[in-house]
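Take a look at the letters that make up each chain.
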Amino acid sequence: MSRSRLEPPFWIGDRLSASEDMALLKSTVQQFRHLSRMELTATLCEILPWKAPNGRLKEAACRQLLERLAERGMIRLPAKGRIWPPSNREVEAAAPLPAPEMTGPLSALRPIRVEPVPAAQRWTWNATMAAYHPLGYRRPVGAHQLGR
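Residues numbered from 1 in each chain as written. Predicted model: local features only at pLDDT ≥ 70, side-chain atom pairs only at ≥ 80, totals over all residues. Heavy atoms only, no water.

S.K.: Please explain the overall build of the chain as it appears in this structure.
M.R.: In terms of helices and strands, the chain carries five helices and two strands. Starting at the N terminus and walking to the C terminus, you meet the elements of the chain as β-β-α-α-α-α-α. Split into buried and exposed, the 148 residues of the chain put 29% on the buried side. Considering only contacts in the chain between residues 6 or more positions apart, those separated by 24 or more positions represent 63%. For the chain, the computed accessible surface area is about 10,300 Å², with 55% contributed by carbon and sulfur atoms. (Helix = DSSP H or I, 4+ residues; strand = E, 2+ residues; numbered from the N terminus. Buried < 20%, exposed > 50% of the residue type's maximum accessible area, 1.4 Å probe, protein only. Contact = heavy atoms within 4.5 Å. Areas by Shrake-Rupley, 256 points an atom, 1.4 Å probe, with all protein chains shown as cover.)

The structure is reproduced here in structure tokens:
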């Protein structure tokens with residue numbers, strides 16, 4: 001793909017990319033340069049929105065576009081590195097917290113707070129989610145990522 005074919009408007013897969021999309025893409029990559037490539041593609045797919053008919057994010061197409069733009073010097077991607085969050089095998093190796101026995105109405109547990117998981121406790125959190133959550137452990141994406 002030549003450089004001129006990456007100047008808006010152009011088609012990437014089934015999506016017509018306009019100037020506004022390209023500006024949003026470039027500013028997002030710059031603003032969130034601390035994210036991994038995987039996190040960037042998921043985030044961009046969510047905000048564009050860029051989804052397949054089944055509702056899944058079109059991350060592969062987005063990643064391909066980002067790599068093409070980076071090859072041509074139009075954006076700067078973070079270095080390839082270790083994939084975060086951990087694989088299911090790594091989560092299974094961590095020990096989950098014991099499940100406390102809770103009985104009674106929810107109002108008896110108030111106040112309830114939701115707080116970010118500290119980096120040092122992420123392995124334990126992921127293992128606990130894998131052990132007790134009805135849906136099991138799943139890698140979070142986009143807005144669902146844990147704070148760093």
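S.K.: Teacher, can you tell me more about unusual backbone geometry here?
M.R.: Most peptide bonds adopt trans geometry, and most residues besides glycine take a negative phi value. At the junction of Arg 110 and Pro 111, the peptide bond is cis and its omega measures out at 0° in the coordinates. Assignment of secondary structure puts Pro 111 in the loop between helix 4 (88–93) and helix 5 (122–132).

S.K.: Whenever I open this one, the state of the cysteines confuses me. Can you help?
M.R.: Linking two cysteines covalently via their sulfur atoms produces the bond known as a disulfide. Enumeration according to the criterion identifies zero disulfides in this entry. The closest cysteine sulfur to the non-disulfide-bonded Cys 62 is located on Cys 45, 4.2 Å from its own sulfur. (Disulfide = S-S within 2.5 Å.)

S.K.: Can you walk me through the pattern of salt bridges in this structure?
M.R.: What the rule picks out here adds up to two salt bridges. Close ionic contact of Arg 72 with Glu 71 constitutes a salt bridge, the shortest N to O distance being 3.7 Å. Relative accessible area serves as the criterion here: at 23%, Arg 72 is assigned to the partly exposed category. Glu 115 is paired through a salt bridge with Arg 113; the nearest N and O atoms lie 2.7 Å apart. When its relative accessible area of 65% is taken as the criterion, Arg 113 is described as exposed. (Salt bridge = Lys/Arg side-chain N within 4 Å of Asp/Glu carboxyl O.)

S.K.: Looking at this structure, I do not really get the environment of Asn 54. What am I missing?
M.R.: Residue placement: Asn 54 occurs in the loop between helix 2 (37–47) and helix 3 (59–71). Residue class for Asn 54 comes out exposed when judged on its relative accessible area of 57%. A polar side-chain atom of Asn 54 sits 2.9 Å from the main-chain amide nitrogen of Arg 56. (Polar contact = N/O pair within 3.5 Å; in protein donor to acceptor, adjacent residues only side chain to side chain.)

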